[in-house]
Structure formats: C-alpha cells, structure tokens
Amino acid sequence: RLRLWHTPPGGWCGLARTLEYAARVKAKGFKFHLDFHYSDWWADPGKQNKPAAWASASYTALKESVYTYTKYVIEAMKNQNTLPDMVQIGNEITSGMLWNDGRVGGSYDTPQQWTKLGDLVKEGIRGARDGASDSTMKIMIHIDRGGDNNGARWFFNNLIAQGVQFEVIGLSYYPWWHGTLTQLKNNLNDLATRYGKDIIIAETAYPWTTQYLNDGMGNVGVDPTKFPPGYSFSPQGQKAFLFMVRKILKETVNNKGTGFLYWEPAY
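Fair warning: this is a prediction, and the values are worked out from it, not measured in the lab. The numbers attached to residues start from 1 for each chain and follow its sequence in the written order. Selection of residues for local features in this predicted model requires a pLDDT of at least 70, selection of side-chain atom pairs for listing and counting requires 80 or more, and totals for whole chains, interfaces and linings are taken over all residues. Only hydrogens and water are set aside; all other atoms, that is, all heavy atoms of the structure, feed into the side-chain values.

Turning next to the overall build of the chain. Per the convention used, a helix needs a DSSP run of H or I reaching at least four residues, while a strand needs a run of E reaching at least two, with both numbered from the N terminus. The number of helices and strands found in the chain is 6 helices and 9 strands. Here the globule rule is a power law, 2.2 Å times the number of residues to the power 0.38, and the radius of gyration is based on C-alpha atoms. The C-alpha atoms of the chain give 18 Å as radius of gyration, which agrees with the globular expectation for 267 residues (18 Å, within 12%). C-alpha atoms of the chain, sized along the principal axes, occupy 50 × 40 × 35 Å. Evaluated residue by residue, the chain yields a buried proportion of 51% over its 267 residues. Burial classification: accessible surface area is computed with a 1.4 Å probe over protein chains only, and a residue below 20% of its type maximum counts as buried, one above 50% as exposed, and the rest as partly exposed.

So, in structure tokens, the structure goes:
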C-alpha cells in the first residue's frame, strides 16, 4: 500500500518517489494498492485539506482537477508497467474529502454535500479507469469505521445512493479507536451481507511495546484501557492480535473478508 500526496514538502510520497517505489514493488513480483490522499499531506477523518494547487479552484474546476490528476498518475504508472492492482479514491473519507466542497457529516450531512462528495469520488474513479484502460484494476473506498457498524452503514448507504461504482470496501481498524474485535466481526458480516462487496482492512496495527524507543516518533494511541484483553504488548501479543484479525476476516460471510494491510509498516 503506497500513499500518494499531490505536492508534499520535499517530495516525500509525491508522484516521482511513488513511481520509483512502485517499480521496486513490481520488480519483486508483489501487487500493490495506491492510496490517493488528494492532499499535500496526511488526510484522515479529522482533516481533508485540498492540495495547495487546488485551494482556490471552483467546484467545477475541482472536479476536473480530480479527474485529470488521477488519470495522469495512473497513466504514468501504466507507462512504466507498474499499474496498481487496486486504487483507493481518498484516504479515510468518512467525513468526505477535499474540504469543504466534498465535506459530509455533522452540519455538512446534507443531500447537497453528499451529491458533491459523490461527484468528486466518481471523477476520481473515472480518471483511474481511463488512465488504466484495464478492467482488472479494482477501486476501493476507504473509511475508518472498523468496529462501528452504524457509522459504516451511514457512510456507504449515502455514498452508494450517489451512484458511485466500486469493488472493495476498505476499513481502518485500530482497537484503541475503532471498537472491540467482536464489533469488528459483526461489522464485517453485516457489510458483507448488505453490500456484497469484498472487504479489506486497509489499516490495522498492534504495539509490541509501550516504551518510547528514542526514534523521533511519539507512540500513537497506546492507552492500555482501550485494548482487547489477552493480547500482551509484546511481539507475541502483536502476532496473536494479527492472527485474530486474519481469522475474523477469513470467517466473514460469503468469503468477503479478503485481507488486511499492516499500517504503517515503516513504524
């Protein structure tokens, strides 16, 4: 899973470096999934900032920019024979993307805003499809509601009502934020039955230590009261947690739980 930022500081996770990494990935015989943030930096449910290049664009121009940029990126991937196997249109877009044009939720939970988000997502999908000219490349829509069935249903009911066509539901599941393992299992089974799409846990993780490692990065979300019981903060506990996530996915109804990705592997 490779994230892509539009014009990031120093080029980190920009197109040039992502193309280089995609070539290394494909040379090893791996598949990969390309994660468009449509931002110059991290996008998540708490922030979905437009790229600076699009900051003053009208809504009509913004839709065109999403299409043109997405198509350009995928064509660049195809031209070096590293077409992604799956493309993610937006990162954790539970609250929409490209704020405030494509913002939903809270005071933005209106039919007009859902129409705008749906149109922006459809332009991203159209750009990816046109750039690839390859029907085997799957489209993922990714939110963060791993153990929150009500939240997941609210989002996908509204998005699908806009006529958005995609193949894969992506969820983030961090147990300190997104509910219990039982809630994860129940959500996966309901979504699989309700929408009939493949489901991938696009992000999950578990700590092997609670100690600060003097690595320049603070530990994220390590609140012992928020973790499932029985999984120690150790390499063994980390492994056991991931094996349980895998088991839950494999037992999802209709074989719709198709995999998970550890995030963020560089950590």
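Turning next to the sheet that holds strand 2 (residues 33-36). When DSSP finds two or more bridges between two strands, those strands count as paired. Strand order across the open sheet formed by 7 strands is 1-2-3-6-7-8-9, with parallel pairing between neighbours. In this open sheet, the two strands that pair with only one neighbour each are strand 1 (2-4) and strand 9 (257-262). In this sheet, adjacent strand axes meet at a mean angle of 25° when their direction is disregarded. Summarising the sheet, strand 1 and strand 2 pair through 3 bridges and their orientation is parallel. In the sheet register, Arg3 faces strand 2, and the bridge partner there is Asp35. Contacting strand 1 and strand 2, helix 1 (residues 15-27) crosses the sheet at an angle of about 160° to strand 1. Residue contacts are defined here by distance: any two heavy atoms, one from each residue, within 4.5 Å place the two residues in contact. Axes here mean lines fitted to C-alpha atoms, for a helix over just the part in contact, with angles spanning 0 to 180 degrees between N-to-C directions. On the sheet, helix 6 (residues 235-250) packs against strand 7 (168-173), strand 8 (198-204) and strand 9 and is oriented at approximately 155° with respect to strand 9.

Secondary-structure assignment places Pro51 in the loop between strand 2 and helix 2 (59-79). Taking the relative accessible area as the measure of exposure, Pro51 reaches 0% and is therefore buried. Once the C-alpha coordinates of Pro51 and Thr210 are considered, the two residues, 159 residues apart in sequence, prove to be 35 Å apart. Pro51 has contacts with His6, Tyr38, Ser39, Asp40 and Leu98, leaving out every residue within four places of it along the chain.

Note on pairing: side chains with opposite charge can pair once their charged atoms come close. When a carboxyl oxygen of Asp or Glu is within 4 Å of a side-chain nitrogen of Lys or Arg, the pair counts as a salt bridge. Applying the stated rule across the entire model yields 16 salt bridges. Across the salt bridge formed by Asp190 and Arg194, the nearest N and O atoms sit 3.0 Å from each other. Of this pair, Asp190 and Arg194 both sit in helix 5 (residues 181-195), 4 residues apart, which is roughly one turn of the helix. A salt bridge links Lys247 to Glu251, with the shortest nitrogen-to-oxygen separation between them at 2.8 Å. The class for Lys247 is partly exposed, based on a relative accessible area of 42%. The partly exposed category is assigned to Glu251, whose relative accessible area is 38%.

The packing of two helices is summarised by the inter-axis angle and the distance between the axes. Put simply, helix 4 (residues 149-160) and helix 5 touch, their axes get as near as 10 Å, and they point 20° apart. Between helix 4 and helix 5, the interaxial angle falls into the category roughly parallel. Crossing of helix 4 against helix 5: the hand is right-handed. Note on element contacts: helix 5 touches helix 4 through Asn187, Asp190, Leu191, Arg194 and Tyr195, opposite Asn149, Ala152, Arg153, Phe156, Asn157 and Ile160. Of the residues contributing to the contact of helix 4 with helix 5, the split by class is 5 nonpolar, 3 polar and 3 charged. For classification, angles of less than 35 degrees are called roughly parallel, those exceeding 145 degrees roughly antiparallel, those between 65 and 115 degrees roughly perpendicular, and all remaining angles oblique. By convention, the crossing between two helices is left-handed when the near helix turns anticlockwise from the far helix through less than a right angle, and right-handed when the turn is clockwise. Nonpolar residues are Ala, Val, Leu, Ile, Met, Phe, Trp, Tyr, Cys and Pro. Charged residues are Asp, Glu, Lys and Arg, and all others, Gly as well, are polar.

The next thing to look at is helix 5. Each residue after the first adds 1.5 Å to the expected span of a helix. Spanning 15 residues, helix 5 covers 21 Å between terminal C-alpha atoms, matching the ideal 21 Å at 1.5 Å per step. Leu181, Leu184, Asn187, Leu188, Asn189, Asp190, Leu191, Ala192 and Tyr195 are the residues of helix 5 that are buried. On the buried face of helix 5, the contacting elements are helix 4, strand 7, strand 8 and helix 6. Two residues or fewer after helix 5 comes Gly196, characterised by a positive phi angle close to 65°.

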